[in-house]
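Coordinate analysis (summary)
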Amino acid sequence: DRVVAETLKGRVPIMKDVQGAEDAGAGRLDSKEQKTEDQKGAALHDTVLVSYTNINSDDYQVAYRIDKDTTVDQLHRDACSYWGCSHGDYVLCRTTPKEEVEALWSSDDKMGGRRREKLQIEGGGSEAILDAMEKSQLHLVSWPDLETFVLKRKQLKDQEAKILQDLQARDTGPNTIKTLKHGQGFAANEVVLEPHIEAMRHWPGVYQMLKKHNSKAQRDQKWTRVRFSDLMALILLIGLSILVHSLRSQHISWELRNGVVETIGVGLPQGPRQEEMMSFNKIELYDDIWEWFNGLFLSELYDGDSTLRQFYKPVGYLRIRQQIANKKECADRVIPFNLKRRCYFIEVNDDTQDKETMRPERKGAVDKFMNATPNSGRMATPDPFVWQPASATSFSLYGYMQNRYDGSGFSIVYNTSASTGKQIAADLAFIKEAWVRPQTRMLIAEVTFANYNLGGYVSANFLLEISPSGAVKPTMDIKSFTVYHSYWAAVAEAVDIVRWLLVIGYMFLWRIYSRTKAKMAKGKTRFSYVLSLSGLIDLVIAGLFVAMQAIFLKDRPPKPESLTVFYTFLALAHNLETLSIMEAVFILTCLLRISSFARLNTTVYGFFKVFSRSIVKFGYFACIFIPVLCGVGAMAHAVWSPYIELFSTYTLTFMSVIVAIYQPFEAIEEMYQHGGGWTLPFLVYFVLIIGLFMVNMFLAITVHAVWEVELLETDDAALNAWSHDQWLDWALWAPVYGKLTGRKPGSSRIRGFAMAEEDDGSSSSGSGSDEER
């Protein structure tokens, strides 16, 4: 009652005067007489409200008719019978005028004491259980919950003052009532739901969805989050970024790379000689390596009439490098003495490489190899038998059998003049027999080509991974690059200055500052915008741009034609490729950011809500989908990994399984041949569980999200429509708008302004004559 009274005085000013008049007349004689008459007229209650208290849940209530002879025990037994609980386990409690809880009898006196007393005493009195001047209500509480009930009542009493203070700030409105909640037996504020929501109470799913929906967030969504200046800044930034990307991107990169791949790598099927040569992609065994080196590699690289040399020129130096595995302790200790062999590591890295100086057994062959003439084309340094660490300009290669190979190892370097081919052909026998060893895990040929017609270079790296079983996996890493600073590159650098101002000055500093200030003005924390989705996208845009500039501003490498030692351009080629990809990702992120501004349109806003609702449910469904998919991948790997390359590793297996969701397995015949009876059950399980049910479940979630958005987010089109004045207010700065229209800025942030403006316009014609008069 005190809460209601204070609320009325705060919201209805006249109630202050009424209340003051009541207080002023409280001491008059007629007021005392009236109070006495009221006491006599209301000496007895004819009903009592009994609340069945459920701790941490809703209270249940029932009203009982009582008279002057009704005893506590009668009411107690009737209430226990109504709710189906034992009368020995529950006690009736009342609340005093000071909001303190009092049990009507103690736990030690369950059958005596006040249970025999009457609820009311004729004529009233302070000793009566139900006071005629107080609310007629009792609480049925279980003995174990009594202490908790008393504690909750005390807590709520302490919160009453805070409720009175906060009530004005809360959006309670006329739809707020007081209900008994969570086993507290106390009136708490609760907003009365709209009638169409209450009508759905019998359908819990729809009811809870409508109940949890915050319509105020929908009403305020688009008018306060999209600014015209942000839109223009992003459009300008995207345009400049596309210009820079087109100026720096190598439009001929595919032609540059493909010319090397198809000749020295795959081999062109022209002429009977080339058809007989081993191509790089077909290397599978150790002997195939040397057949490729002696055939297609030397022919295309050093034969002046080869297809490759007609369009490309080798520049710089050729390096043949290997990494050797070090010895390790054998895992199996029960091998017979006469069968024991040395064991070596499977992978080569900084800890498992053999870095000791090589000591070949064939001394004569070594001397002959080292005593080659100075004009043979083979460089004296580095020493082929001394391990060399990775240089600062080297780049790690990514392989198949091992994830990464650094730039260290034992190296032989040749120049790229045409006469060097004969020396390499003579050295290959020694390299095969004495230099490369059974414990060699990686062998690579590195060379750079120039194509002056296309104006670019190609860094060609032919990686051969040699497993301890003798199997060989070839991998080509061929990248195009350029080292010349062209006119268009200078134009791109000038455009970058403008992009620096837009990204760092506007997107990163000003936008984050202004949006953070706006969030704090609404009572949120200073990090609320930075941690929001929009803030994170802005940070990603700024971070990508700074990372791109850091890559671009690195020191430029030397020209390949001016080198006197071997220099690998693979790092430069990878950096330029990474820079191009990051530029594309940067543009993609900016386009994603600008697409978020399209929520100005109500229909587009609905699509964003569909996406957000779907993503949340996708996350929950992924708790089922991902374990099942992992189980399918583990099964496929266990059955077919020894026989089919697509299932040989877990990475390839999961890639094959994911691709098979949308298209059949590529190696279905091999799966049937090597499946051992598991193929058909596997495919039936995969199609039924993954293909038919789980994949379509994602579509079902999206459809359900569309239905929810149509139900919850559809709003009155007239309220969301903007007038010409609102569009001007949104697009122009406030001072410009005020000077241009003579109106106060801010109309674009008022929902329903256009409809109200139309109403004012229609009514102004009827009131014009009155104004003139």
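Residues numbered from 1 in each chain as written. Predicted model: local features only at pLDDT ≥ 70, side-chain atom pairs only at ≥ 80, totals over all residues. Heavy atoms only, no water.

A few words on the overall build of the chain. Counting its regular elements, the chain contains 26 helices and 14 strands. Within the chain, buried positions represent 38% of all 773 residues. Look at the contacts in the chain between residues 6 or more apart in sequence, and 68% of them connect residues 24 or more apart. Summed over its atoms, the accessible surface of the chain is roughly 44,000 Å², and 58% of this surface lies on carbon and sulfur atoms. (Helix = DSSP H or I, 4+ residues; strand = E, 2+ residues; numbered from the N terminus. Buried < 20%, exposed > 50% of the residue type's maximum accessible area, 1.4 Å probe, protein only. Contact = heavy atoms within 4.5 Å. Areas by Shrake-Rupley, 256 points an atom, 1.4 Å probe, with all protein chains shown as cover.)

With that out of the way, let us pick up the sheet that holds strand 13 (residues 456-466). The antiparallel open sheet is built from five strands, whose spatial order is 11-8-12-13-14. Only two strands of the sheet have a single neighbouring strand rather than two, namely strand 11 (410-415) and strand 14 (472-481). Neighbour-to-neighbour, the strand axes of this sheet turn through a mean angle of 15°, independent of strand direction. Summarising the sheet, strand 8 (residues 313-324) and strand 11 pair through six bridges and their orientation is antiparallel. The residue bridging Tyr 317 from the neighbouring strand is Asn 415, located in strand 11. Across the sheet, helix 12 (residues 286-302) touches strand 8, strand 11, strand 12 (440-451), strand 13 and strand 14, and the angle it forms with strand 12 is around 10°. Where helix 15 (residues 420-435) meets the sheet, its contacts fall on strand 8, strand 11 and strand 12, and the angle it forms with strand 11 comes to roughly 165°. (Pairing = 2+ DSSP bridges. Axes fitted to C-alpha atoms, helices over the stretch in contact; angles between N-to-C directions.)

Right, let's get into the packing of aromatic side chains. Per the stated rule, a full pass over the model turns up 33 aromatic pairs. Both rings, one in Phe 625 and one in Phe 698, keep their centres 5.3 Å apart while their planes meet at 85°; by these two values the pair is edge-to-face. Of this pair, Phe 625 sits in helix 19 (residues 602-640) while Phe 698 sits in helix 22 (residues 679-712), placing them 73 residues apart in sequence. Classification of Phe 625 as buried rests on a relative accessible area of 11%. With a centroid separation of 6.3 Å and an interplanar angle of 25°, the aromatic rings of Tyr 650 and Phe 654 are classed as stacked. Residue Tyr 650 and its partner Phe 654 are located together in helix 20 (residues 650-660), separated by four residues, close to a single helical turn. We classify Phe 654 as partly exposed; its relative accessible area is 25%. (Phe/Tyr/Trp six-rings, centres within 6.5 Å; stacked < 30°, edge-to-face > 60°.)

This paragraph deals with the packing of helix 19 against helix 20. The description of two packed helices rests on the angle between their axes and on the distance between the axes. Helix 20 packs onto helix 19 with a crossing angle of 120° between their chain directions and a minimal axis gap of 9 Å. Judged on the interaxial angle alone, helix 20 and helix 19 are oblique. The handedness of the crossing between helix 19 and helix 20 comes out as right-handed. Residues Leu 629, Cys 630, Val 632, Gly 633, Ala 634, Ala 636 and His 637 of helix 19 touch helix 20, and the partners they reach there are Tyr 650, Thr 653, Phe 654, Val 657 and Ile 658. For the contact of helix 19 with helix 20, the per-class residue count stands at nine nonpolar, three polar and no charged. (Parallel < 35°, antiparallel > 145°, perpendicular 65-115°, else oblique. Left-handed = near helix turned anticlockwise from the far one by under 90°. Nonpolar A, V, L, I, M, F, W, Y, C, P; charged D, E, K, R; others polar.)

The next thing to look at is the state of the cysteines. This model, assessed by the stated rule, comprises one disulfide. Shown here is the disulfide that connects Cys 330 with Cys 343, its sulfur atoms set 1.9 Å apart. Since a negative S-S torsion denotes a left-handed disulfide, the Cys 330-Cys 343 link at about 105° is right-handed. Taken together, the residues span a long stretch of sequence, with Cys 330 in the loop between strand 9 (327-328) and strand 10 (343-344) and Cys 343 in strand 10 at a distance of 13 residues. Using a relative accessible area of 22% as the deciding quantity, one classes Cys 343 as partly exposed. Free cysteine Cys 80: the closest other cysteine sulfur is in Cys 85, separated by 4.0 Å. (Disulfide = S-S within 2.5 Å.)

Right, let's get into the pairing of strand 13. In terms of residue burial, strand 13 counts as a mostly covered element, since 11 of its 11 residues are buried. Neither face of strand 13 is exposed, since Gly 456, Val 458, Ala 460, Phe 462, Leu 464 and Ile 466 on one face and Tyr 457, Ser 459, Asn 461, Leu 463 and Glu 465 on the opposite face are all buried. For strand 13 and strand 14, the ladder comprises 10 bridges, and the chain directions are antiparallel. Considered in strand 14, the bridge of Ser 459 is made with Lys 479. Following strand 13, the chain reverses through five residues before pairing antiparallel with strand 14; Gly 470 in that reversal takes a positive phi of roughly 100°.

Here we take up a nonpolar patch on the surface. Together, Leu 680, Val 684, Val 687, Leu 688 and Leu 692 make up an exposed nonpolar region whose accessible area comes to about 470 Å². In this fold, Leu 692 is placed in helix 22. (Patch = residues over 30% accessible without salt bridge, like charges linked within 9 Å, V, L, I, M, F, W, Y side chains within 5 Å. Salt bridge = Lys/Arg side-chain N within 4 Å of Asp/Glu carboxyl O.)

Another aspect to go through is helix 4 (residues 72-83). For helix 4, with 12 residues, the first-to-last C-alpha span of 17 Å sits near the 16 Å given by 1.5 Å per residue. At its buried positions, helix 4 is contacted by strand 1 (47-52), strand 2 (60-65), strand 3 (90-95) and strand 5 (137-142). In the segment just after helix 4, Gly 84 is the residue with positive phi, at about 70°. (Expected span 1.5 Å × (residues − 1).)

Attention shifts here to the pattern of salt bridges. With the rule as written, the count across this model stands at 18 salt bridges. Salt-bridge contacts for Asp 230 lead to Arg 511; the nearest nitrogen and oxygen are separated by 2.2 Å. You can see Asp 230 sitting in helix 9 (residues 228-248) and its partner Arg 511 sitting in helix 16 (residues 487-521), a full 281 residues away along the chain. Its relative accessible area of 4% is what places Asp 230 among the buried residues. With a relative accessible area of 3%, Arg 511 lands in the buried category.

A word on the nonpolar core. Formed by 49 residues in total, the largest nonpolar core has its most connected members in Phe 293, Phe 297, Trp 435 and Phe 449. Of the residues forming this core, the biggest block, nine residues, is contributed by helix 12. Among the nonpolar cores identified, the runner-up in size contains 31 residues, and Leu 502, Met 507, Ala 542 and Ile 551 belong to it. (Core = buried A, V, L, I, M, F, W, Y, C linked by side-chain atoms within 4.5 Å.)

Okay, the packing of helix 9 against helix 18 (residues 570-596) next. Between helix 9 and helix 18, the shortest axis-to-axis distance is 10 Å and the interhelical angle comes to 160°. When the interaxial angle is binned, helix 9 and helix 18 end up roughly antiparallel. When you trace helix 9 past helix 18, the crossing you get is left-handed. Here Leu 231, Leu 234, Ile 235, Leu 237, Ile 238, Ser 241, Ile 242, Val 244, His 245 and Arg 248 of helix 9 lie close against helix 18, whose contacting residues are Ser 580, Glu 583, Ala 584, Phe 586, Ile 587, Cys 590, Leu 591, Arg 593 and Ile 594.

Moving on to the confidence of the model for the chain. Overall, the predicted model of the chain reaches an average pLDDT of 79, with 78% of residues at or above 70. Low pLDDT (under 50) marks residues 24-42, which in the prediction has five contacts with non-local residues, meaning those over four places away or in another chain. A low-confidence stretch, residues 170-174 (pLDDT under 50), is modelled with five contacts involving residues beyond four sequence positions or located in other chains. (pLDDT = per-residue confidence, 0-100.)

Further remarks concern helix 20. Listed as buried for helix 20 are Leu 652, Thr 653, Ser 656, Val 657 and Ala 660. Burial along helix 20 is one-sided: seen end-on, the buried residues are contained in an arc of 135°. (Arc of directions from axis to C-beta.)

If you trace the five strands from one edge of the open sheet to the other, you get 2-1-5-3-4, paired in mixed fashion. One side of each edge strand has no neighbouring strand; the edge strands of this open sheet are strand 2 and strand 4 (101-103). Taking the axes of each pair of neighbouring strands and ignoring which way they run, one obtains an average angle of 30° across the sheet. Pairing of strand 1 with strand 5 involves four bridges; the strand directions are parallel. Looking at strand 5, one finds that Val 50 is bridged to Leu 138.

Here we come to the pairing of strand 8. Of all the 12 residues making up strand 8, 11 are buried; the element is thus mostly covered by neighbouring parts of the structure. In the sheet, strand 8 pairs with strand 12 via nine bridges, with the strands oriented antiparallel. Across the sheet, Ile 324 pairs through a bridge with Thr 440, a residue of strand 12.

Turning to the side chain of Gln 439, a few remarks are in order. Locating Gln 439 in the fold gives a position in the loop between helix 15 and strand 12. Using a relative accessible area of 10% as the deciding quantity, one classes Gln 439 as buried.

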